[in-house]
Amino acid sequence: MKKTLLLYVLIFLPVTALPQSGFGEMQYVTNDMGGGGAWDLAAADIDNDGYQDIIYCDSNYHTVAWIKNIDGQGTFSPIQYIDQNLIMTQHITVEDIDNDGYLDVVATSAQDGKAVWYKNTDGQGTFSSALIISDQAPGARGLTTGDIDNDGDPDVIVGAHAASKIIWYENLDGLGNFGSENLVATGLSHTLFVNAADINNDGYIDIVTNTSPNTYPAWYQNTDGNGNFGSAQIISNETYGSSHVITMDIDGDGDNDVLNSEFGGQIISWFENTDGLGNFGAKQIIAETTTLTPDWMDAEDIDNDGDIDVSGVYIGGDGRIAWFENTDGAGLFSDSKVIDNHQSIAVIITDLDNDGYKDIVAAIENSIVWYKNETYLGVGETPLKNLVITPNPVDMRLYFSGISDKAQVSINLYDIRGKVVISKKSFIPVLDVSSLKTGVYFLEIKAKTGSLVKRVLKK
């Protein structure tokens with residue numbers, strides 16, 4: 001969709017991010033949400049220009065929308081509305097539902113019991129009207145996607161809060177035509193979050209959720225790779241009021257661990273997948289407070305040291321937006337590094353300004369804001385300082401110069417959906433890209449003391 005975008009300059013608040021956080025001042029993605037506020041956030045390249053845009057839903061204003069990252073430096077367009085007719089929408093996700101190479105948007109609508117998707121019709125962010133996945137999912141909240149039945153296309157998983165169950169819907173033809181509901185689990189309470197990941201390393205996508213029949217966080221094994229699930233396997237009975245769960249390899253041993261936030265216990269913690277088969281160890285506390293309640297979390301390598309860090313937001317008191325450094329790569333976390341004091345219920349980690357460092361995006365009041373990652377400041381010399389990459393655009397091969405062939409670096413090339421298409425564990429002077437399709441890619445080169453990300457255009 002071609003339309004004139006009213007460019008505006010990001011407004012800097014006079015209050016800087018708190019000392020020692022490693023992040024810069026608060027900047028607006030938008031402060032034009034009326035009396036509403038984002039309940040869920042996602043970052044993805046909606047219009048295929050190589051930049052991370054922001055997608056959100058607003059439960060109060062029944063809205064799903066996206067905001068274009070105009071220049072790849074964190075300058076954003078006005079809000080682009082996708083739908084303003086959902087009732088109590090609290091979760092969204094981004095996925096190529098119909099396998100056309102364009103990222104679509106999926107949403108749940110709790111009050112009218114719907115799961116819907118919106119087709120990105122032109123790869124530029126022109127979306128269809130809502131396409132019904134199901135209108136029989138009472139209290140639909142939790143939402144994720146994954147190839148549950150191993151047929152090569154993304155299916156949709158929903159936590160139906162009012163029906164006390166988790167269900168999944170098969171993408172029948174890979175084009176976004178969905179079948180009837182398939183039961184994952186029932187007899188649940190407070191199904192706020194669902195997560196899809198292979199917990200026991202059998203190659204099948206399992207389901208992790210914040211609740212189970214006895215209210216503890218649990219996972220459900222996809223027993224046959226066709227979407228038939230086993231009973232609840234409790235991750236921990238040491239939690240009190242689990243609200244958010246995500247999966248990530250926290251200790252770098254190659255399997256999925258679980259991060260958990262407790263609105264009852266006021267704790268962010270993680271549980272080690274001790275054997276890669278879904279047997280979890282004791283609670284390991286990342287942060288604990290007495291006055292603030294943790295809500296949302298995200299996990300990525302924030303400081304580019306090769307391991308997974310955690311960001312969390314809090315409600316209560318003045319609120320808090322913070323991150324926690326994985327100091328040893330094995331799950332020993334630093335004290336809270338407070339980025340800002342604001343009430344927030346959603347946070348994501350993504351690189352908005354294309355500098356190779358992941359920034360923090362948070363929903364506060366009636367605004368979405370971001371904080372530039374400045375954790376690289378003060379870091380010593382890096383072997384990537386004088387690196388030159390040619391040619392760009394490229395047809396057959398990329399050549400690297402200005403770096404020693406003995407430098408300890410790794411090379412990853414990603415497509416626009418974040419999928420690794422080429423990976424090299426050590427330095428090579430020439431990278432053959434001749435087999436890749438025409439389009440935008442991102443080249444990431446990592447050294448022990450820093451990293452570099454370059455946008456590459458394949459002819």
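You'll find the structure just up there.
About the criteria used
Residues numbered from 1 in each chain as written. Predicted model: local features only at pLDDT ≥ 70, side-chain atom pairs only at ≥ 80, totals over all residues. Heavy atoms only, no water. Helix = DSSP H or I, 4+ residues; strand = E, 2+ residues; numbered from the N terminus. Rg over C-alpha atoms; globule rule 2.2 N^0.38 Å. Buried < 20%, exposed > 50% of the residue type's maximum accessible area, 1.4 Å probe, protein only. Lys, Arg positive; Asp, Glu negative; His and termini not counted. Charge placed at Lys NZ, Arg CZ, Asp CG, Glu CD. Pairing = 2+ DSSP bridges. Axes fitted to C-alpha atoms, helices over the stretch in contact; angles between N-to-C directions. Polar contact = N/O pair within 3.5 Å; in protein donor to acceptor, adjacent residues only side chain to side chain. Contact = heavy atoms within 4.5 Å. Salt bridge = Lys/Arg side-chain N within 4 Å of Asp/Glu carboxyl O. Phe/Tyr/Trp six-rings, centres within 6.5 Å; stacked < 30°, edge-to-face > 60°.

S.K.: What should I look at first to understand the overall build of the chain in this one?
M.R.: Each helix and strand counted, the chain has 0 helices and 35 strands in total. Taken against the 2.2 N^0.38 rule, which gives 23 Å for 459 residues, the C-alpha radius of gyration of the chain at 21 Å falls within 12% of a compact globule. Each principal axis of the C-alpha atoms in the chain carries an extent, and together these give about 60 × 50 × 45 Å. The proportion of buried residues among the 459 residues of the chain is 56%. Distance between charge centres in the chain, computed from 26 positive and 65 negative side chains, equals 9 Å.

S.K.: Looking at this model, I keep getting lost on the sheet that holds strand β29 (residues 388-390). Mind explaining?
M.R.: Pairing between the strands of a sheet comes from backbone hydrogen bonds, and it takes one of two forms, parallel or antiparallel. Spatially, 3 strands are ordered β29-β30-β33 in an open sheet, and the strand pairing comes out antiparallel. Only two strands of the sheet have a single neighbouring strand rather than two, namely β29 and β33 (430-432). In this sheet, adjacent strand axes meet at a mean angle of 20 degrees when their direction is disregarded. Two strands pair when backbone bridges link them, and β29 and strand β30 (residues 397-401) are joined in this way by 3 bridges, in the antiparallel orientation. When the bridges of β30 are listed, V388 appears paired with S401.

S.K.: Help me out: how do you make sense of the side chain of S109 in this one?
M.R.: By the secondary structure assignment, S109 is in strand β7 (residues 104-109). Its relative accessible area of 0% is what places S109 among the buried residues. Here I87 takes part through its backbone oxygen, which lies 2.9 Å from a polar atom of the side chain of S109. Look past the residues within four positions of S109 in its chain and what remains in contact with it is L86, I87, M88, T89, K114 and A140.

S.K.: Sorry if this is basic, but what is going on with the sheet that holds strand β18 (residues 242-248) here?
M.R.: Read across the sheet, 4 strands follow the order β18-β19-β20-β21 without closing on themselves; strand pairing throughout is antiparallel. Two strands in the sheet have a free side with no partner beyond their single neighbour: β18 and β21 (284-288). On average, each strand axis in the sheet is tilted by 20 degrees relative to the strand beside it, whichever way the strands run. Relative to strand β20 (residues 267-271), strand β19 (residues 257-262) is paired through 5 bridges, and the arrangement is antiparallel. Among the inter-strand pairings, S261 is bridged to a residue of β20, identified as I268.

S.K.: Can you walk me through the pattern of salt bridges in this structure?
M.R.: Close approach of charged atoms allows side chains with opposite charge to pair. Within the structure shown, the criterion is met by 9 salt bridges. The shortest N-O distance in the salt bridge between K68 and D49 comes to 3.0 Å. Taken as a pair, K68 in strand β4 (residues 63-69) and D49 in the loop between β2 (40-44) and β3 (53-58) lie far apart in primary sequence, 19 residues in all. Residue E262 is joined to K283 by a salt bridge in which the shortest nitrogen-to-oxygen separation is 2.9 Å. Here E262 is found in strand β19, whereas its partner K283 is found in the loop between β20 and β21, with 21 residues between them in sequence.

S.K.: Sorry if this is basic, but what is going on with the environment of G50 here?
M.R.: You can see G50 is positioned in the loop between β2 and β3. Residues G50 and A107 lie 57 residues apart in sequence; the distance between their C-alpha atoms is 24 Å.

S.K.: Teacher, can you tell me more about the environment of D122 here?
M.R.: With respect to the helices and strands, the residue D122 is situated in the loop between β8 (114-118) and β9 (131-134). For D122, a relative accessible area of 28% translates into the label partly exposed. A sequence separation of 20 residues divides D122 from Y102, and the C-alpha atoms of the two residues are 7.7 Å apart. From its side chain, D122 meets the backbone nitrogen of G125 in a polar contact 3.5 Å long. In terms of polar contacts, D122 uses its side chain to reach the side chain of T126, at 2.9 Å.

S.K.: Help me understand the pairing of β18 in this model?
M.R.: Walk down a regular strand and you will see the side chains alternate between the two sheet faces. By the criterion of burial, β18 is predominantly enclosed, with 6 of the 7 residues buried. Sheet topology places β18 next to β19; 6 bridges connect them, and they run antiparallel. Looking across to β19, one finds that I246 is bridged to L259.

S.K.: Before we go on, may I ask you to explain the side chain of S367 in this structure?
M.R.: Counting through the fold element by element, S367 comes out in strand β28 (residues 367-373). A polar contact is formed between the side chain of S367 and the side chain of N366, at a distance of 3.4 Å. Once residues lying within four places of it in the same chain are set aside, the contact partners of S367 are Y28, T30, N31, M33 and A362.

S.K.: Please explain the packing of aromatic side chains as it appears in this structure.
M.R.: What describes a pair of aromatic rings is the distance from one ring centre to the other and the angle between the planes of the rings. Tallied over the full model, the rule gives 2 aromatic pairs. Ring geometry for F23 against W323: centres 6.2 Å apart, planes inclined by 75 degrees, an arrangement best described as edge-to-face. Of this pair, F23 sits in strand β1 (residues 23-30) while W323 sits in strand β24 (residues 320-324), and the two are 300 residues apart along the sequence. Judged by its relative accessible area of 5%, F23 falls in the buried class. Of the residues examined, W323 reaches a relative accessible area of 2% and is grouped as buried. Seen in terms of ring centroids, F193 and W296 are 4.9 Å apart; in terms of plane orientation they differ by 80 degrees. Their pairing is edge-to-face. Of this pair, F193 sits in the loop between β13 (178-186) and β14 (194-197) while W296 sits in strand β22 (residues 293-300); the two residues are 103 residues apart in sequence, bridging distant segments of the chain.

So yeah, pure geometry; function would need other evidence.
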